[in-house]
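Each chain, letter by letter, is given below.
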Protein chains: 2
Amino acid sequence: MTTASPGGPRWLTDEEQGVWRAYLHATTLMEDHLDRQLQRDAGMPHVYYGLLVHLSQAPRRRKRMTELAKDAKITRSRLSHAVARLEKNGWVRREDCPSDKRGQNAILTDEGHAMLARSAPGHVEAVRQAMFARLSPEQVRSLGEIMRVIAAGLQPEDTDADLPWLR
Amino acid sequence: MTTASPGGPRWLTDEEQGVWRAYLHATTLMEDHLDRQLQRDAGMPHVYYGLLVHLSQAPRRRKRMTELAKDAKITRSRLSHAVARLEKNGWVRREDCPSDKRGQNAILTDEGHAMLARSAPGHVEAVRQAMFARLSPEQVRSLGEIMRVIAAGLQPEDTDADLPWLR
DNA sequence: GACCTTTTCTTGAAAGTTGAACTAGATAGA
DNA sequence: TCTATCTAGTTCAACTTTCAAGAAAAGGTC
């Protein structure tokens, strides 16, 4: 299976296939694990929890919808639905943006903040036990580097945002 | 934030937090990327594609539902829905299991196999470009090891399946 | 201002996922 | 055998995600 057919499709080496399978395996188990943990302890899926965390770290605990969507790596549509749900729970509220009448700010409520404070320790502990408790310091460092490389490669790039002279 | 409050909740170090963010970032971008790639080129989400791959590698291209669910790390319920959909596409069919009247075999059809053959090269290429083309051989090796450790830690364990003497 | 394009956010329907409830068949013990 | 329990798989309802479409405001350009 490692054979390279010149011109034809290039497959993965046996080692690469093994790594890919391990990657898929580990990441799906991790996501399932955290989804269940948070559904049980915080009553929401992992993504929603991530939204609250983002808001909690933003100045004045609020953020424009589009910016929040970008930070959390989800579509604006998905965010609209998510915020609607979190609003029903009382953890987030919306407010019109004063400077742009199209805009909306999503705001973490006190209830939302309290819920976060309550569930954060358990969640951190779950992450630690699933990942950091099992890896050597060297592996942690290496994992960080690898994940940053992969993310950079998949990032929409936002071309010439940093290269205005190319316009 | 690196401060440890003895007895209180233990947080992550700054480095661990950074690694965790990079991990979430990279894995969600990767999953989105592959989902879109396969939806576009094969007309199905990544998970469904994975089911076909599993079947294609099984003896006689068939597998019991429960076993398939276990291999693909999804619930039996999710698999039922997925197979129903793949059946509509003509890529999979079901057959009663002869030895166990409760049982069903999911079988990869010729059409399904053809579709897989058609879309595999593009998918492999997407995986290569997103991951292996960007990592050094040493990083690939390291990633494999790390992912295996994490997966092992999250695995349901299946206690004493390998330890029958403990019964 | 009038016109065109872009951006922001929401909506609605279709597709996918989850967890619990349920049916039917297998299994084990009295 | 009769009964209780377990396993395989499906189904239902509630929820989440996606995609395409749309309303409203902003930002040009003439």
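Residues numbered from 1 in each chain as written. Chains lettered and ligands numbered in written order. Predicted model: local features only at pLDDT ≥ 70, side-chain atom pairs only at ≥ 80, totals over all residues. Heavy atoms only, no water.

A. How the structure looks around the overall build of chain A. When you go through chain A residue by residue, the secondary structure sums to six helices and three strands. Along the chain direction, N to C, the helices and strands of chain A fall in the order α-α-β-α-α-β-β-α-α. Counting all 167 residues of chain A, 41% fall into the buried class. In the form shown here, chain A has an accessible surface area of approximately 9600 Å², with 52% of it arising from carbon and sulfur atoms. (Helix = DSSP H or I, 4+ residues; strand = E, 2+ residues; numbered from the N terminus. Buried < 20%, exposed > 50% of the residue type's maximum accessible area, 1.4 Å probe, protein only. Areas by Shrake-Rupley, 256 points an atom, 1.4 Å probe, with all protein chains shown as cover.)

B. Representation of the protein's contact with DNA strand C in the model. The full set close to DNA strand C counts 21 residues, and Thr66(A), Ser80(A), Arg94(A), Arg102(A) and Arg78(B) are the nearest of them. Atoms of DNA strand C within 4 Å of the protein: sugar and phosphate make up 63%, bases the balance. In the environment of DNA strand C, a phosphate oxygen lies 2.4 Å from a nitrogen or oxygen atom belonging to the side chain of Ser80(A). Measuring from a base oxygen of DNA strand C, one finds a side-chain N or O atom of Arg102(A) at 2.5 Å. (Near = heavy atom within 4 Å. Polar contact = N/O pair within 3.5 Å; in protein donor to acceptor, adjacent residues only side chain to side chain.)

C. Here's a closer look at the packing of helix H2 (residues 46-57) of chain A against helix H5 (residues 110-130) of chain A. Residues and elements named next belong to chain A. Between H2 and H5, the shortest axis-to-axis distance is 12 Å and the interhelical angle comes to 120°. Considering how the two elements wind past one another, H2 and H5 form a crossing that is left-handed. For the pair H2 and H5, the contacting residues are His46, Tyr49, Leu52, Val53 and Ser56 in the first and Leu116, Ser119, Ala120 and His123 in the second. Grouping the amino acids of the contact of H2 with H5 by side-chain chemistry returns five nonpolar, four polar and no charged. (Axes fitted to C-alpha atoms, helices over the stretch in contact; angles between N-to-C directions. Left-handed = near helix turned anticlockwise from the far one by under 90°. Contact = heavy atoms within 4.5 Å. Nonpolar A, V, L, I, M, F, W, Y, C, P; charged D, E, K, R; others polar.)

D. Representation of the protein's contact with DNA strand D in the model. Every one of the 21 residues lining DNA strand D counts as a neighbour, but Arg78(A), Thr66(B), Ser80(B), Arg94(B) and Arg102(B) are closest to it. The sugar and phosphate moieties of DNA strand D supply 69% of its atoms located within 4 Å of the protein. A distance of 3.1 Å separates a base oxygen of DNA strand D from a polar atom in the side chain of His81(A). Arg76(B) has a polar side-chain atom sitting 3.3 Å from a base nitrogen of DNA strand D. Listing elements by their share of the surface near DNA strand D, those giving two or more residues are H2 and helix H4 (76-88) of chain A together with helix H3 (65-72) and helix H4 (76-88) of chain B. A class-by-class count of the residues in the surface near DNA strand D yields four nonpolar, eight polar and nine charged.

E. Structural view of the sheet that holds strand S1 (residues 62-64) of chain B. Residue and element names in this part refer to chain B. An order of S1-S3-S2 is seen for the three strands of this open sheet, with the pairing classed as antiparallel. Two strands in the sheet have a free side with no partner beyond their single neighbour: S1 and strand S2 (92-96). Direction aside, the axes of adjacent strands within the sheet are offset by 30° on average. As paired elements, S2 and strand S3 (residues 104-108) share five bridges and run antiparallel to each other. Following the sheet pairing, Arg94 is matched in S3 by Ala106. (Pairing = 2+ DSSP bridges.)

F. Inspection of the relation of the copies chain B and chain A at higher detail. Overlaying chain B with chain A gives an RMSD of 0.1 Å, the required rotation being 180° about an axis along which the chain moves by 0.0 Å. Those values place the two copies in the arrangement expected of a two-fold rotation axis. Both copies share a contact surface, since 100% of the interface residues of chain B are interface residues in chain A too. (Least-squares fit on C-alpha atoms with pLDDT ≥ 70 in both.)

G. Structural view of H2(A). Helix length check: H2(A), at twelve residues, gives a terminal C-alpha distance of 17 Å against a target of 16 Å (1.5 Å per residue), a fit within 8%. Listed as buried for H2(A) are His46(A), Tyr48(A), Tyr49(A), Leu51(A), Leu52(A) and Leu55(A). (Expected span 1.5 Å × (residues − 1).)

H. Representation of unusual backbone geometry within the structure. All names here are of chain A. The backbone of Arg61 sits at a positive phi, close to 55°, despite the residue not being glycine. Position of Arg61 relative to the elements: it lies in the loop between H2 and strand S1 (62-64). A relative accessible area of 28% means that Arg61 is categorised as partly exposed.

I. Looking closely at the environment of Gln37(B). Residues and elements named next belong to chain B. One can find Gln37 in helix H1 (residues 14-42). In this structure Gln37 comes out as buried when scored by relative accessible area, which is 5%. C-alpha of Gln37 to C-alpha of Ala126: the two residues are 89 residues apart in sequence and 7.7 Å apart in space. Once residues within four sequence positions are removed from consideration, Gln37 is found in contact with Ala42, Gly122, His123 and Ala126.

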